[in-house]
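Structural overview for review
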Amino acid sequence: MASETSTRTAERTGTRLEPWQAGTVGGIAGAIVFGAMMAAQTPGVLEGAIPALYGLEGGLAGMVLHVAHGAVLGVVFAALLVATGRSDPGVAAGSALGLGYGVVVWALLAVVVMPIWLSAVGFAMAPAVPNIAVESLVGHAAYGLVLGAAYALLE
């Protein structure tokens, strides 16, 4: 395994990224796509709910935080792939893994954690738990799909 990893690393060109870097870039790309979808479909989430998690207001703060969340979650995606021995998937497999990851992120973070957090910080429009919204599911799935494809292309 160590020699396989060393050989694969040695064969890389300068244009390929380490897994955590590919996860970061993929996460940012996915979050931008998802953010654009939110801006069009559910602007209140982007302008109100996301910044409220940190005591802030406004669409710019919401988009910056949303993209930062995407980058961090992209690194987690990369770490999971490395830990499970799937750090070098093809684009199809990476996209499928990313799609599944986006759905899991939605189920854990958007459906459960975010409404609890918003309630804890006193956000007046905090949704109930579970917060099941189709737009959110589709957006998180798109995030994961872009993350997985970008990761596979970059790593």
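Relevant structure appears above.
Residues numbered from 1 in each chain as written. Predicted model: local features only at pLDDT ≥ 70, side-chain atom pairs only at ≥ 80, totals over all residues. Heavy atoms only, no water.

**Considering the overall build of the chain**
- When helices and strands are counted, the chain shows six helices and zero strands.
- Relative to the globule expectation of 15 Å for 155 residues, the C-alpha radius of gyration of the chain, 17 Å, shows essentially globular dimensions.
- If one aligns the C-alpha atoms of the chain with their principal axes, the spans along those axes are about 55 × 25 × 25 Å.
- Classification of the 155 residues of the chain by burial places 38% in the buried group. (Helix = DSSP H or I, 4+ residues; strand = E, 2+ residues; numbered from the N terminus. Rg over C-alpha atoms; globule rule 2.2 N^0.38 Å. Buried < 20%, exposed > 50% of the residue type's maximum accessible area, 1.4 Å probe, protein only.)

**Notes on the packing of aromatic side chains**
- For the structure on display, the rule yields three aromatic pairs.
- Between phenylalanine 77 and tyrosine 101 the ring centres are 5.1 Å apart and the planes differ by 50 degrees, which places this aromatic pair in the tilted class. Here phenylalanine 77 is found in helix H4 (residues 59-83), whereas its partner tyrosine 101 is found in helix H5 (residues 91-120), with 24 residues between them in sequence.
- Seen in terms of ring centroids, phenylalanine 77 and tyrosine 151 are 5.7 Å apart; in terms of plane orientation they differ by 85 degrees. Their pairing is edge-to-face. Residue phenylalanine 77 is found in helix H4, and its partner tyrosine 151 is found in helix H6 (residues 134-154); the two are separated by 74 residues along the sequence. Just as phenylalanine 77 is buried, tyrosine 151 falls in that class too.
- Here the aromatic cluster, defined as three or more aromatic residues joined through ring pairs, consists of Phe77, Tyr101 and Tyr151. (Phe/Tyr/Trp six-rings, centres within 6.5 Å; stacked < 30°, edge-to-face > 60°.)

**Some words on the pattern of salt bridges**
- Scanning the entire structure with this criterion turns up one salt bridge.
- In this structure, the salt-bridge partner of aspartate 88 is arginine 16, at a minimum N-O distance of 3.7 Å. Pair noted here: aspartate 88 is in the loop between H4 and H5 and arginine 16 is in the loop between helix H1 (2-11) and helix H2 (19-41), with a separation of 72 residues, a long-range link. (Salt bridge = Lys/Arg side-chain N within 4 Å of Asp/Glu carboxyl O.)

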